[in-house]
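# Structural features, examined
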Amino acid sequence: MKILIAALMLIAASMVTGRTSDAAPAKTDPPFARVYLAVRGCMSCSHCRTAVRQMVRSNAAGGEARLGDDQVEVRYATPRSVPLRDVIRSLAESRLHDLSLVDVLFEARGTIGLAEDGTVTFALAETGQSFPLVIDHALARPTGGKPVRLTAVVDGWRKKGTLSLSAKEIRPAG
């Protein structure tokens with residue numbers, strides 16, 4: 001599982017910079033939010049790629065879908081509510097013959113805070129949409145509700161109920 005998460009983060013980094021080699025990175029501002037869906041199965045034929053693109057777009061509420069060999073990226077350029085469960089469900093419940101969703105990574109700009117019950121949450125900037133958040137003790141926690149850029153694994157998508165996030169990287173938003 002850790003190898004898969006590391007691979008997803010590497011894919012995410014290459015999509016951020018637009019590169020997959022050691023060439024100089026292209027300087028681009030990251031979008032407001034991104035959802036990375038790691039998939040296993042047929043993503044090479046035009047039929048499957050078209051079907052995946054249509055499934056994701058129909059549930060992405062304005063997000064832009066990009067397909068790779070083993071992943072799908074949904075980008076949200078401007079602040080908006082992200083229908084995370086719907087985007088995930090579009091592939092998790094896919095009836096394509098040889099396609100399965102393996103893991104989900106979420107990256108967004110927002111703030112880390114506490115809910116009324118004392119649980120840690122991540123709230124998307126400008127929308128207030130929030131998710132329960134688990135932060136490993138090894139990660140530095142920002143103080144005072146400062147804006148951050150969070151990269152997290154999405155937990156709970158394989159069953160019904162609340163989605164939660166497990167932080168993998170927390171950077172100052174900039």
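Structure report, in brief. (Residues numbered from 1 in each chain as written. Predicted model: local features only at pLDDT ≥ 70, side-chain atom pairs only at ≥ 80, totals over all residues. Heavy atoms only, no water.)

## Remarks on the overall build of the protein
For the record, the criterion: Only DSSP runs of H or I covering at least 4 residues are called helices, and only runs of E covering at least 2 are called strands; the numbering of each starts at the N terminus. The buried label applies to any residue whose accessible area, calculated with a 1.4 Å probe on protein chains only, is under 20% of its type's maximum; exposed applies above 50%, and partly exposed to all values in between. By definition in these notes, contact holds between two residues if any of their heavy atoms fall within 4.5 Å. Using the Shrake-Rupley algorithm and a 1.4 Å probe, accessible areas are obtained, with residue cover drawn only from the displayed protein chains.
Along the protein, the regular secondary structure elements total 3 helices and 8 strands. Scanning the protein from its N terminus toward the C terminus, one meets helices and strands in the order α-β-α-β-β-α-β-β-β-β-β. Counting all 174 residues of the protein, 44% fall into the buried class. When contacts within the protein are restricted to residue pairs at least 6 apart in sequence, long-range pairs at least 24 apart make up 63% of them. Accessible surface, the protein: about 9500 Å² in total, of which carbon and sulfur atoms supply 52%.

## Regarding the side chain of R75
Tracing the backbone through its elements, the reader meets R75 in strand β3 (residues 71-76). With relative accessibility at 17%, the residue R75 sits in the buried group. In contact with R75, other than residues within four places in its own chain, are P31, A33, R34, G63, E64 and R66.

## Here's the deal with helix α3 (residues 84-92)
Let me state the cut-off plainly: It is the directions from the helix axis to the C-beta atoms that the arc portrays.
Listing the buried residues of α3 in full gives L84, V87, I88, S90 and L91. One face of α3 carries all of its buried residues, which in axial projection span an arc of 150°.

Take it as geometry only, folks, not as evidence of what the structure does.
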